[in-house]
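Structural description and commentary
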Amino acid sequence: QVRFVESGGGLVQPGGSLRLSCEIFIIVFSAYDMGWYRQAPGKQRELVATIFNDGRTTYEDSVKGRFVISRDTARKTVSLQMNGLKPDATAVYYCNTVLFGSPLHPTSWGQGTQVTVAA
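Summarised in this report is the structure supplied together with it. (Residues numbered from 1 in each chain as written. Predicted model: local features only at pLDDT ≥ 70, side-chain atom pairs only at ≥ 80, totals over all residues. Heavy atoms only, no water.)

Counting its secondary structure elements, the protein contains 0 helices and 10 strands. Its helices and strands in sequence order give the protein the pattern β-β-β-β-β-β-β-β-β-β, from N to C terminus. Its C-alpha atoms give the protein a radius of gyration of 13 Å, within 12% of the compact-globule value 14 Å for 119 residues. Projected onto its principal axes, the C-alpha positions of the protein cover 40 × 25 × 25 Å. Taken across its 119 residues, the protein has 43% of its residues classed as buried. A sequence separation of at least 24 residues applies to 56% of the contacts in the protein between residues at least 6 apart. (Helix = DSSP H or I, 4+ residues; strand = E, 2+ residues; numbered from the N terminus. Rg over C-alpha atoms; globule rule 2.2 N^0.38 Å. Buried < 20%, exposed > 50% of the residue type's maximum accessible area, 1.4 Å probe, protein only. Contact = heavy atoms within 4.5 Å.)

In structure tokens:
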């Protein structure tokens, strides 16, 4: 059984930064591609950033150059450094595995962590 525990969200002013962390409870963490997803009010959950098991990363266009995803295989954690935050980044952020742009474990979402960007 897989479990995700996200943390690090909060209220930040536009232009500010936050670092999200996710602890993953999974047997073979290194085998999976990992991602950060977010769901804004009234919108569908979307994939924001992916880090593949070989270390390559991809980002949704609106966050390129401002967000950085990383992983620590030994600690089974994934992080998302978010800089230059804009109000449209306000959402609940979740981590999960990724397979072809979708979560491989869609029934195992964690509680998420709320990010609010406002003056």
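Summed over all chains, the structure comprises 1 disulfide. The residue that forms a disulfide with cysteine 22 is cysteine 95, at a sulfur-sulfur distance of 1.7 Å. Here cysteine 95 lies in strand E9 (residues 91–98) and cysteine 22 lies in strand E3 (residues 18–25), a separation of 73 residues in the sequence. As far as burial versus exposure is concerned, cysteine 22 and cysteine 95 are alike and both buried. (Disulfide = S-S within 2.5 Å.)

To continue, consider a nonpolar patch on the surface. The grouping of Leu99, Phe100 and Leu104 at the surface amounts to a nonpolar patch, some 350 Å² of accessible area in total. In this structure, leucine 104 sits in the loop between E9 and strand E10 (113–117). (Patch = residues over 30% accessible without salt bridge, like charges linked within 9 Å, V, L, I, M, F, W, Y side chains within 5 Å. Areas by Shrake-Rupley, 256 points an atom, 1.4 Å probe, with all protein chains shown as cover. Salt bridge = Lys/Arg side-chain N within 4 Å of Asp/Glu carboxyl O.)

Okay, the pairing of strand E5 (residues 46–51) next. One ladder, built from 5 bridges, connects strand E4 (residues 33–39) with E5; its direction is antiparallel. Within E5, the position partnered with tyrosine 37 by the bridge is leucine 47. The loop that links E4 with its antiparallel partner E5 comprises 6 residues; one of these, glycine 42, has a positive phi angle of about 75°. Note that E5 and strand E6 (residues 57–59) share 3 bridges and pair antiparallel. The partner of isoleucine 51 across the bridge, within E6, is threonine 57. Hairpin remark: E5 followed by E6, antiparallel, with 5 residues in the connecting loop; positive phi at glycine 55, about 100°. (Pairing = 2+ DSSP bridges.)

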